[in-house]
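# A look at the structure
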Amino acid sequence: MQTLLVEIILDDLTATKKFATVFAPLLRKGDVVALDGALGAGKTELCRSVIHALDLSDDVPSPTFNLVQIYEPKADDNITPVIWHMDLYRLESPEEAFELGIEDAFDQAVSLIEWPSRLGPYLPQGFLTLRLEIGHNGEARILKILGDDLWKNRLKKIVEDK
Ligand SMILES: Nc1ncnc2c1ncn2[C@@H]1O[C@H](COP(=O)(O)OP(=O)(O)O)[C@@H](O)[C@H]1O
Ligand SMILES: [Mg+2]
C-alpha cells in the first residue's frame, strides 16, 4: 500500500536537478516510477534531471510523440540501469502499451512513466509515485513521494534529510 513518504518543495529547476542527483543513484533495474501531475507540472523536467544525473544522455527530448525514449548506460558498469522514459498521454488503450514492449522495461530497466493512469490495470505492483503540483505562485513545484514500506526504506536518506 502506498503512503505519503515525503513532501519536498522544488523552488526552481535547480532544485529539481538537486533532488534528482540524490534520487537517481537509488534507482535499480525493475523499478517503476509513476509521475503524476497535470500538464506543465514538471514531470518531463524531473525525468530529464534523473537521466542527466546518471549521465545517460545530454539530449533528453520529451517522448510526447514516440511515447518511449530508451537510455542505455554509456559503459556497462552493472550498476547504472537502462532507463525507459515514457509519456503515455497519447496511448489509445492500456493494451497498446504491450506493443511498446513495456513488459521488458518493467523487467529489465527503470521505467519513468508520465501519465501512468493510461496503463489502467497494467501498472505493476510496488511502483513509486512522484506527484508534482504547481505551487500557488505558479513558480515552485510541490513534489509528493508516495510508496510502500520497501520504498520508505530505500528512500530513507531523502525522507530523513528533508
Ligand atoms: N521545479 C520547477 N520549478 C519551476 N519551474 C519548473 C519546475 N519544473 C518544471 N518547471 C517548468 O514547467 C514547465 C513544464 O515542465 P514539464 O517538465 O515539461 O512539465 P510536464 O512534463 O509535467 O508537462 C517548463 O517550462 C519547466 O521549465
Ligand atoms: Mg511531459
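For the structure given in this document, a descriptive report is provided here. None of the values given here were measured: they were computed from a predicted structure. (Residues numbered from 1 in each chain as written. Chains lettered and ligands numbered in written order. Predicted model: local features only at pLDDT ≥ 70, side-chain atom pairs only at ≥ 80, totals over all residues. Heavy atoms only, no water.)

Let us look at the coordination of the magnesium ion (ligand 2). Only Thr44 (OG1) and Glu114 (OE) from the protein reach the magnesium ion (ligand 2) as donors, at distances of 2.1 to 2.3 Å. A residue pair is termed long-range when its members are at least 10 positions apart, and threonine 44 in helix H2 (residues 43-53) and glutamate 114 in strand S5 (residues 110-114) qualify at 70 residues. Across the pair, glutamate 114 and threonine 44 agree in class, each one buried. (Donors = N, O, S within 2.8 Å, 3.2 Å for Na, K, Ca; no water. Helix = DSSP H or I, 4+ residues; strand = E, 2+ residues; numbered from the N terminus. Buried < 20%, exposed > 50% of the residue type's maximum accessible area, 1.4 Å probe, protein only.)

As a further point, take the site of ligand 1. Surrounding ligand 1, one finds 16 residues, the nearest of these being Gly40, Lys43, Thr44, Glu45 and Arg141. In this structure, an oxygen atom belonging to ligand 1 sits 2.9 Å away from a main-chain N or O atom of glycine 42. Within the side chain of arginine 141, one N or O atom sits 2.7 Å away from an oxygen atom of ligand 1. Contact with the protein chains covers 73% of the free accessible surface of ligand 1, which is 570 Å². Within the residue set of the shell around ligand 1, elements represented by two or more residues are helix H1 (13-23) and H2. With three residues, H2 is the largest single contributor of residues to the shell around ligand 1. (Near = heavy atom within 4 Å. Polar contact = N/O pair within 3.5 Å; in protein donor to acceptor, adjacent residues only side chain to side chain. Areas by Shrake-Rupley, 256 points an atom, 1.4 Å probe, with all protein chains shown as cover.)

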